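Given next are the chains, with one letter for each unit.
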Amino acid sequence: MDREEGKPAQSLPNLGATLANLGDDCAWCAVTEFLGQVPLLQCLPGSSIRRIAEAVQVKHYESGDYVAREGEPVDGLCIILDGQAEVSAPANTEEANRPDYVLNKYDYFGYGTNSSVHQVNVTALTKLIVSHVLQLTCFVLPSQYGHLLQTKTIWNAEETPENHSLLEQILHLEKLEVDIFRGFTLPGAPTFRQVFGGQLIGQALAAASKTVDCLKLVHSLHAIFLIAGDNNMPIIYQVNRERDGTSFATRKVEAKQKGLVIFTLIVSFQKEELGFEHQAAIMPAVPPPEQLLNMEEIRERRLTDPRFPMQYRNSAAKKKFVPWPIEMRFCQDSGSQHKPSLYYWFRARGKLSDDPALHRFAIYHCRFFMSYIVGYADEVILWYYRCVVAYASDLLYSGVSLNPHRERGLKTYSLSLDHSMWFHKPVKADDWLLYVIDSPSAHGGRGFVTGRMFNRQGELVVSLTQEALIRRAKTPGQTPRPKL
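Residues numbered from 1 in each chain as written. Predicted model: local features only at pLDDT ≥ 70, side-chain atom pairs only at ≥ 80, totals over all residues. Heavy atoms only, no water.

Concerning the overall build of the protein chain
So the rule is basically this: Think of it this way: any DSSP run of H or I at least four residues long counts as a helix, any run of E at least two long counts as a strand, and we number them from the N terminus. Remark: exposure states derive from per-residue accessible area (1.4 Å probe, protein chains only) relative to the maximum for the residue type, with buried under 20%, exposed over 50%, and partly exposed in between. Any two residues having at least one pair of non-hydrogen atoms within 4.5 Å are treated as being in contact.
Looking only at helices and strands, the protein chain features nine helices and 24 strands. Expressed as a percentage of its 484 residues, the buried residues of the protein chain come to 48%. For the protein chain, the proportion of contacts with a sequence separation of at least 24, taken over those separated by at least 6, is 73%.

Quick word on the packing of aromatic side chains
Rules: Only Phe, Tyr and Trp rings take part, Trp by its six-membered ring, and two of them pair if their centres are within 6.5 Å. Stacked means planes under 30 degrees apart, edge-to-face means over 60, and tilted covers everything else.
Per the stated rule, a full pass over the model turns up nine aromatic pairs. Between Phe225 and Phe263, the aromatic rings sit 5.1 Å apart at their centres with planes inclined by 55°, giving tilted as the arrangement. Residue Phe225 is found in strand β11 (residues 216-225), and its partner Phe263 is found in strand β14 (residues 260-271); the two are separated by 38 residues along the sequence. For the pair Phe225 and Phe263, one class covers both residues: buried. Judged by centre distance (5.6 Å) and plane angle (55°), the rings of Phe330 and Tyr344 are tilted. One end of the pair, Phe330, is in strand β15 (residues 326-330); the other, Tyr344, is in strand β16 (residues 341-348), with 14 residues separating them in the sequence.

What about the sheet that holds β11?
Here is the rule: Strand pairing is defined by DSSP finding a minimum of two bridges between the two strands. Only C-alpha atoms enter the line fits that serve as axes; for helices the fit covers just the stretch in contact. Angles between N-to-C directions range over 0 to 180 degrees.
Spatial ordering of the open sheet is given by β9-β10-β12-β13-β14-β11-β21-β24-β23-β22-β16-β15, a layout of twelve strands whose pairing is antiparallel. Because the sheet does not close on itself, it has two edges, and the strands there are β9 (174-177) and β15. Ignoring strand direction, the axes of neighbouring strands in this sheet form an average angle of 25°. Bridging between strand β12 (residues 235-244) and strand β13 (residues 248-257) involves eight bridges; their strand directions are antiparallel. For Asp244, the partnering residue across the bridge sits in β13 and is Ala249.

Points about the confidence of the model for the protein chain
Going by this rule: You can read pLDDT as the predictor saying how much it trusts each residue, on a scale of 0 to 100.
Per-residue pLDDT for the protein chain has a mean of 78; in total, 74% of the residues score no lower than 70. Averaged over each element, pLDDT in the protein chain is lowest for strand β18 (residues 366-369) (29) and highest for β13 (97). pLDDT under 50 marks residues 113-120. Its contacts with residues more than four places away, or in other chains, come to 26 contacts. The model gives residues 126-134 a pLDDT under 50, and that stretch makes twelve contacts with residues more than four places away or in other chains.

Things to note about the nonpolar core
Inclusion rule: Residues belong to one nonpolar core when they are buried, are Ala, Val, Leu, Ile, Met, Phe, Trp, Tyr or Cys, and are joined through side-chain atoms within 4.5 Å.
Counting residues in each nonpolar core, the largest one holds 64 residues, and the members touching the most others are Tyr237 and Phe263. By residue number, the principal contributor to this core is helix α6 (residues 197-209), which donates seven residues. Formed by 21 residues, the second largest nonpolar core is a distinct cluster that contains Leu40, Ile49, Ala55 and Val56.

Overview of unusual backbone geometry
A positive phi angle is found at Tyr106, which is not glycine, with a value near 80°. Summarising the element assignment, Tyr106 is placed in the loop between β5 (101-103) and β6 (108-109). We note that Asp179 has phi near 75°; this positive angle belongs to a residue other than glycine. Within the secondary structure, Asp179 sits in the loop between β9 and β10 (180-183).

Here we look at the pattern of salt bridges
Quick note on the threshold: A pairing counts as a salt bridge when a side-chain nitrogen of Lys or Arg comes within 4 Å of a carboxyl oxygen of Asp or Glu.
All told, the structure shown has 13 salt bridges when counted by the stated rule. The partner of Lys216 in a salt bridge is Asp213, with the nearest N and O atoms 3.2 Å apart. Of the two residues examined, Lys216 and Asp213, each falls in the buried class. A salt bridge links Arg251 to Asp244, with the nearest nitrogen and oxygen atoms 2.9 Å apart. By relative accessible area, which is 12% here, Asp244 ends up buried. Taken together, the shared-partner salt bridges in this structure form one network comprising Glu327, Arg329 and Arg347.

Things to note about a nonpolar patch on the surface
To keep things clear, this is the line we draw: The patch calculation keeps residues exceeding 30% relative accessible area without a salt bridge and links them within 9 Å when they carry like charges or within 5 Å when they are nonpolar (Val, Leu, Ile, Met, Phe, Trp, Tyr). Note on areas: these come from Shrake-Rupley sampling with a 1.4 Å probe, and a residue is covered only by the protein chains present in the view.
On the surface, Ile224, Leu226, Ile227 and Leu260 cluster together to form a nonpolar patch covering roughly 350 Å² of accessible area. We classify Leu226 as partly exposed; its relative accessible area is 48%.

Brief notes about the sheet that holds strand β8 (residues 135-142)
Judged by pairing direction, the sheet is antiparallel, and its four strands sit side by side in the order β1-β8-β3-β6 without closing on themselves. Two strands bound the open sheet, and with one partner strand each, they are β1 (57-62) and β6. In terms of strand pairing, β1 meets β8 through six bridges, oriented antiparallel. Residue pairing in the sheet places Val58 in a bridge with Phe139 of β8.

Put into structure tokens, the structure is as follows:
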């Protein structure tokens, strides 16, 4: 028997009584939306929730009826839709140890039992609050569909991470408990002495996204980097459900290693709605990505360019080169390296799963059900990536604030301090995006950068800011050694 915490503050009212009056399509959408608000199911891939919506059955119980009786077979996973149910312990249980309590909407039972019989009694109660429902209504997922609750990854029900891109493998998290996830730094992932900041942002956003219903989409995030992360240790992500409203939801994520919080993220999610629109920002005139070189091609040219010293070329050739999971093509030549700006096109490499939390989706055909915009699986849906963009946003970002200060032999140390993003429009990360980075200021050992991301149509899709610690690296001679 399990009881979930952090349920949404508002939800579809009296859904059980309404389903009978709806057409099949509308009823399926209502069921899908309801299931998307059950904390147990929110960490599943979107495809799994849709299949569960097709498999669940609606069952009604009168007040006082036994929903599950001690020692009897369990029908499957039961999720309370309307009404309340009382849990009571077996008759031979000591009074002090009787776990009597009431289950409400979004609570569930019958999941995770090791036997085919229930261990406690569950009784329907009369609901006297708000709608005065006189019976209990549950969604029941029959036992033969229990495999739908066991998925390969949080993004994909059928395929393991190894079948997808390195980027999706990086963003894959293990669910340890409701609202608790574990992430890792993979051997092929970009590392910079410590855990890459984009990895922390992307994984934390992935964790937060798996605690909200899929109709609410991240529109802003604000990150604080506290302690440098250890690449050789797993990262625990604890999600706190700060608020759930009709239109917005807020999550706070803490990333921990060795029991210490190394990173925090505040994320705000919003349900799609129509509103005022304007755009004053203009995309810079730059060559299209097809006319530019990627990092691998630039490296090959430098290894064979006689203008570079032989020692440099030999040293670069000996270094192990691992392509990043993000493909980048730079718009500026080496002559502009001292300007406090950087423009480059980027896109994700490889195959990504079609999951609403991994992707950012726009619904081209929609209908309204109780003021909710509901998308249909068989209609035209474009999936847009936001966890991916969050990961990529930290690549070469803060280093732009060092550009005006670069000189031969200069060694620097930098570390991200904070990072903010605002998602204005749908963003598709497997298509080219132009990243425009500028550094208006550096002072007091801190560099400040701003960023804008445009799609190929010139639409501003993301705005960003970051402040980072930037210092001259200390040489061994500057640090006196202890005498003992």
